[in-house]
Amino acid sequence: MAPKKKEEPKPAAAPPKPPEPERPKTPEFDPTTITLEFTPEQIEDFKDAFQLFDRTPANEMKITYAQCGDLIRALGQNPTQAEIMHVLGKPKAEDMQTKMLDFDQFLPIHQHICKAKDCGTFEDFVEGLRVFDKEGNGTVMGAELRHVLATLGEKLREDEVEQLMQNQEDANGCINYEAFVKHIMAS
Amino acid sequence: MGCGVTKSNQFNKHSRKAIRAAVLIQRWYRQYVARTEMRRRYTWHIFQSIEYSGEQAQIKLYNFLGYLMDNFTPSSNERNLISHIFRENEVCQDAEWERYFCYKNIEVPEIYSGPHLTFPLTVEQAVGLVEAFRNKKQLHSRYVLQLLLETWRQLRMLPNISRISTCQSKEITICGDLHGQLEDLLLIFYKNGMPSLEKPYVFNGDFVDRGKDSIEILIILFSFLLVYPSEVHLNRGNHEDHIVNLRYGFTKEVLTKYKMHGKRILKLLQKIFSWLPLATVIDQKVLVLHGGISDITDLSILARLDRHNYVSALRPPKKRHQSSAGASIDSDFDEDVLSTNKLLQRRISLTYPKPLGTRESFQNRSLQDFSNRIKGKAVDEIEIHKRKLAILNMGTNSSEGMTQSVSSESINSDNAKDEWKQILDLLWSDPMIQDGCTPNEVRGGGCYWGPDVTEDFLNRHNLQLIIRSHECKQDGYEFCHNRKVLTLFSASNYYDVGSNRGAYVKLGPDLVPYLVQYQASSMTRELTVKQSVGRTERSALKVLREQLFAHKSDLICAFKKFDSENTGLVSLNNWASAVESVMYLGVPWRMLRGQLVTSKSTDGMIDYLEWFNELAIKGPNTDHIDQSLLETLYRHRSTVETIFRIVDTDNSGFITIEDFRQTWKLLSVYLKMEITDEAISDLAVTIDSNQDGSIDIDEFMEAFRLTDKKSRLERGRSMFMGTVNDLTKLEGDPNI
């Protein structure tokens, strides 16, 4: 029992996550193997967004590694932190603020993330949250959800959890999770 | 880890599911945060672009008026309309002024429920004023004038640069821009305590304009200045300037609140502003000033100049040498308008330097362009006048026209120019990330200065930190230049509710800045981040839509260039290029396309004519007015209003029909548009419904939907809507 207990959670916590079907266990991400399938229009869109994140003095069209994930998400994709780290070549923590990416380096990274199958449908969400629905009545305890989000998976910080859950709980501290999921997905 | 407490397989399967669910939610959350951040950034970008563009437009307007002043004969109508704003350093005895500002005849009626002041002012009265304003009372004009007179007397005793010390254990509190936002000042006093012997304060300029309680803020600051002259220090900001006030709301606020005596109050404030100290130095190590520095900033020059000569930083004190002016006109007698440019450049180049192409998003025009613009009839007029003037000047000591502000002091004109630049740089400059020092073309005055300039400056003056304001920052403050420059901004929710926090800084004897942030308005506390970003974004987009609509003709022209077959459609790419080529705001148009163009179109093409129907701003019954005139009016509404207020010499809020006509002639030259007399009559008729021969400026602006009472943004901030591009795009080639 005890060994089993330890095994189950572990694979979920380690970087390439088994729940993600598309995640091959390749050790390195090789940008040269990616063929870009974006249309010129899309590339123009990405450029606009890229420029908005570019904070270099002379507008050199470069962003830091740390911004890469935000940019990809801002463009509508939904990667996990792990996936981001993977495409960046598993950089060290101190590299995140210092190493830079230019637009041409960014494109294959973005392409790869775009290709990954999106496994976050409304139903997936609701089903996932149903796990915490002790009474089967469509609500979860806000406190429990906060705890889960801050301690499981790709943990959120306290302030992030706070921001996410702001104004979601009713007077009893319960959250109607279907409404909650709609709220998150409707940004 | 929370899972793995029980031993059942069932639970383990659940916990895996739980983790999966958690990961899902977390990644969605991160996406939501990234997108919100993106929206926040471009919203900020929009507001800031439009704000700075408006400031640049203001300076250009002023330069243009100066140009007219220099080139029209004294008797011309146009000149008379505007000459009074340049009537700065009138040679007048202080005693005369005291009589003019005398408050003694002003009676305070019994029903007045506001505070009564007696002088010398006590701290109880100062505190009482704060309370009164918190309760929305207004101070009676008699007391306002009295207070301002005392303040004027006090300020005249102060040096240009205040030197103060943290001595022993006093902490000095420094506040940045307040811009008429009383709520923020009250919040600062609430959190930090009011000024006192133990609690010295430095207020770093821009107390007025944009917000709606500028005069109340001044009254409070001046009261505490009088009660604690050694503990309260005020630095001048670029908005402590009557010319800027015409455009950005302070003039209007005072005239609205003080209908009878507003004009005198404004005149007295003009003097007070010119007497505000320029900078403060703490413990000989920390320099506090409003805008910033440049590569030539020299504290010793700043310390010894006569600061009160610079009533408006936008225009140098008039100490021209008649002969040199006359001579240059003489020698260029036969040349065309280019010659005037040389003269102008010598004098006015500081407020509008040559384009150096540092920021491509802002096309720059130098003053030379005005002469090119004034082609056709107007140019001939100018030529004629110029020649008349030259003849007049030859050999004679022409006292007309050049008169009003000729100082009796004989100051070397070069010296004056140096001093002027020192002040302009101090009030208008912004820091930049690159090394070097370049003219600040975005604002139209002052410089951008780099970390190397900071380093050099601090070393030369043996200082360790510069604290400045002038720029809105999202967190209320921002360090740059290796933490040697601190920008401090104290007006929270500046662009709109939720847009930014305000901050103040405390300095103790260790001179380590301790920052305190806040955000006024109870509304923001209840809004979620998402909601407040959403609100600000909606405001920004509304502003942007209005700007786009105001440029309809130019945009259609630009679209047609991409649409040679006249299909009425353009591709998204072309749409974005065309829009940027007309608007010059450097805003990410593609990203905003979804929000700006709501009509669906087939295969990525945009129906631009349909788009304008969407954007259309419905006005009152103005069918009898020419559409393109309306559009021009709308686009230049800030300029229109500013010029009206300038023409309204007695600050009554009304101008005569005749002046109204003359103003339109002026505007037609400036905006390079034909306005027939008939069109002017149509405009006048719409407003002067009682036919009594005068036009109410506010009514005029409202009638043509040139102000929109509903939006909070516009109510306090209508003034910054006009952009510089509206004025400069009238030329062809930017690279003159």
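Model, not experiment: these values are computed from the prediction.

Let us look at the overall build of chain B. Per the secondary structure count, chain B includes 30 helices and 18 strands. Expressed as a percentage of its 736 residues, the buried residues of chain B come to 62%. Counting only contacts in chain B whose residues sit at least 6 apart along the sequence, the fraction spanning at least 24 positions is 76%. Accessible area for chain B stands at about 29,100 Å²; split by element, carbon and sulfur atoms hold 50% of it.

Attention shifts here to the packing of aromatic side chains. The description of an aromatic ring pair uses the distance of the two centres, along with the angle that the planes make with each other. Here the structure, examined in full by the defined rule, presents 21 aromatic pairs over all chains. Relative to Phe 612 of chain B, the ring of Phe 559 of chain B lies with its centre 6.5 Å away and its plane at 50°, an arrangement referred to as tilted. With a gap of 53 residues between them, Phe 559 of chain B in helix H20 (residues 552-562) and Phe 612 of chain B in helix H23 (residues 608-615) connect regions that are remote in the sequence. Judged by its relative accessible area of 0%, Phe 559 of chain B falls in the buried class. One Lys or Arg, Arg 41 of chain B, reaches over the ring of Phe 53 of chain A and ends 4.8 Å from the middle of that ring.

Once that is clear, we can look at the nonpolar core. If you look at the biggest cluster of nonpolar residues, it comprises 66 residues, and the most contacted ones within it are Phe 559, Trp 575 and Trp 589 of chain B. Among residues more than four places away in sequence, those in contact with Trp 589 of chain B are Asp 48 of chain A together with Leu 544, Leu 548, Trp 575, Ala 576, Val 579, Glu 580, Met 583 and Leu 596 of chain B. Ranked by size, the runner-up nonpolar core spans 60 residues in total, among them Leu 121, Val 130, Leu 139 and Val 227 of chain B.

All names here are of chain B. Strand order across the open sheet formed by 3 strands is E7-E9-E8, with mixed pairing between neighbours. Taken across any chain shown, the strands that pair with only one partner, and hence form the sheet edges, are strand E7 (430-431) and strand E8 (437-439). In terms of strand pairing, E8 meets strand E9 (residues 447-449) through 3 bridges, oriented antiparallel. Residue pairing for E9: Cys 437 is matched across the bridge by Trp 449.

Glancing now at helix H10 (residues 158-165) of chain A. Residue and element names in this part refer to chain A. Turning to H10, its buried residues are Glu 160, Val 161, Leu 164 and Met 165. The buried residues of H10 all sit within an arc of 120° when viewed along its axis, so they share a single face. Where H10 terminates, the next one or two residues include Asn 167, which has phi positive at roughly 65°.

Here we come to the pairing of strand E5 (residues 279-282) of chain B. All names here are of chain B. Residues Ala 279 and Val 281 line one face of E5 and the alternating positions Thr 280 and Ile 282 line the opposite face, and both faces are buried. Where strand E1 (residues 161-164) and E5 come together, 4 bridges link them in parallel fashion. Following the sheet pairing, Ile 161 is matched in E5 by Ala 279. Across 3 bridges, the pairing between E5 and strand E6 (residues 286-288) is antiparallel. Residue pairing in the sheet places Ile 282 in a bridge with Val 286 of E6.

Our next topic: the sheet that holds E5 of chain B. Residues and elements named next belong to chain B. Judged by pairing direction, the sheet is mixed, and its 6 strands sit side by side in the order E1-E5-E6-E10-E12-E11 without closing on themselves. In the strand order of this sheet, the two ends are held by E1 and strand E11 (477-480), each with one partner. Each neighbouring strand pair of the sheet contributes to a mean axis angle of 20°, computed without reference to strand direction. Pairing of E11 with strand E12 (residues 485-488) involves 4 bridges; the strand directions are antiparallel. The residue bridging Tyr 477 from the neighbouring strand is Leu 488, located in E12. Of the strands in this sheet, E6, strand E10 (465-468) and E12 touch helix H17 (residues 451-461), which is tilted by about 115° from E10.

Let us look at the confidence of the model for chain B. Residues and elements named next belong to chain B. Confidence in the prediction for chain B averages 75 pLDDT; 71% of positions are at 70 or higher. Across residues 1-7, confidence stays below pLDDT 50; counting only partners more than four residues off in sequence or on other chains, it has 14 contacts. Considering only residues more than four positions removed or in separate chains, one finds that residues 708-736, a stretch of pLDDT under 50, has 96 contacts. Confidence metrics for the complex model read pTM 0.69 and ipTM 0.76.

Here the focus is the environment of Gln 270 of chain B. Of note, Gln 270 of chain B is situated in helix H10 (residues 262-275). Those residues in contact with Gln 270 of chain B that sit more than four places away from it in its chain are His 242 and Val 311 of chain B.

Time to look at the side chain of His 290 of chain B. Residues and elements named next belong to chain B. You can see His 290 is positioned in the loop between E6 and helix H11 (299-304). Within the local environment of His 290, its side chain forms a polar contact with the backbone oxygen of Asn 204, the two atoms lying 2.9 Å apart. Separated by 2.9 Å, the side chains of His 290 and Asn 238 make a polar contact. Leaving out residues up to four positions away in the same chain, His 290 has contacts with Asp 177, Asn 204, Gly 205, Asp 206, Arg 236, Gly 237, Asn 238, Leu 426, Leu 427, Arg 468, Ser 469 and His 470.

Residues and elements named next belong to chain B. Along the chain, Asn 245 turns up in helix H8 (residues 242-248). Within the structure, Asn 245 has its side chain in polar contact with the backbone oxygen of His 239 (distance 2.9 Å). If near-sequence neighbours (up to four positions away) are discounted, Asn 245 is found in contact with Val 208, Asp 209, His 239, Phe 250, Thr 251 and Phe 273.

Calculation rules
Residues numbered from 1 in each chain as written. Chains lettered and ligands numbered in written order. Predicted model: local features only at pLDDT ≥ 70, side-chain atom pairs only at ≥ 80, totals over all residues. Heavy atoms only, no water. Helix = DSSP H or I, 4+ residues; strand = E, 2+ residues; numbered from the N terminus. Buried < 20%, exposed > 50% of the residue type's maximum accessible area, 1.4 Å probe, protein only. Contact = heavy atoms within 4.5 Å. Areas by Shrake-Rupley, 256 points an atom, 1.4 Å probe, with all protein chains shown as cover. Phe/Tyr/Trp six-rings, centres within 6.5 Å; stacked < 30°, edge-to-face > 60°. Lys NZ or Arg CZ within 6 Å of the ring centre and 35° of its normal. Core = buried A, V, L, I, M, F, W, Y, C linked by side-chain atoms within 4.5 Å. Pairing = 2+ DSSP bridges. Arc of directions from axis to C-beta. Axes fitted to C-alpha atoms, helices over the stretch in contact; angles between N-to-C directions. pLDDT = per-residue confidence, 0-100. Polar contact = N/O pair within 3.5 Å; in protein donor to acceptor, adjacent residues only side chain to side chain.

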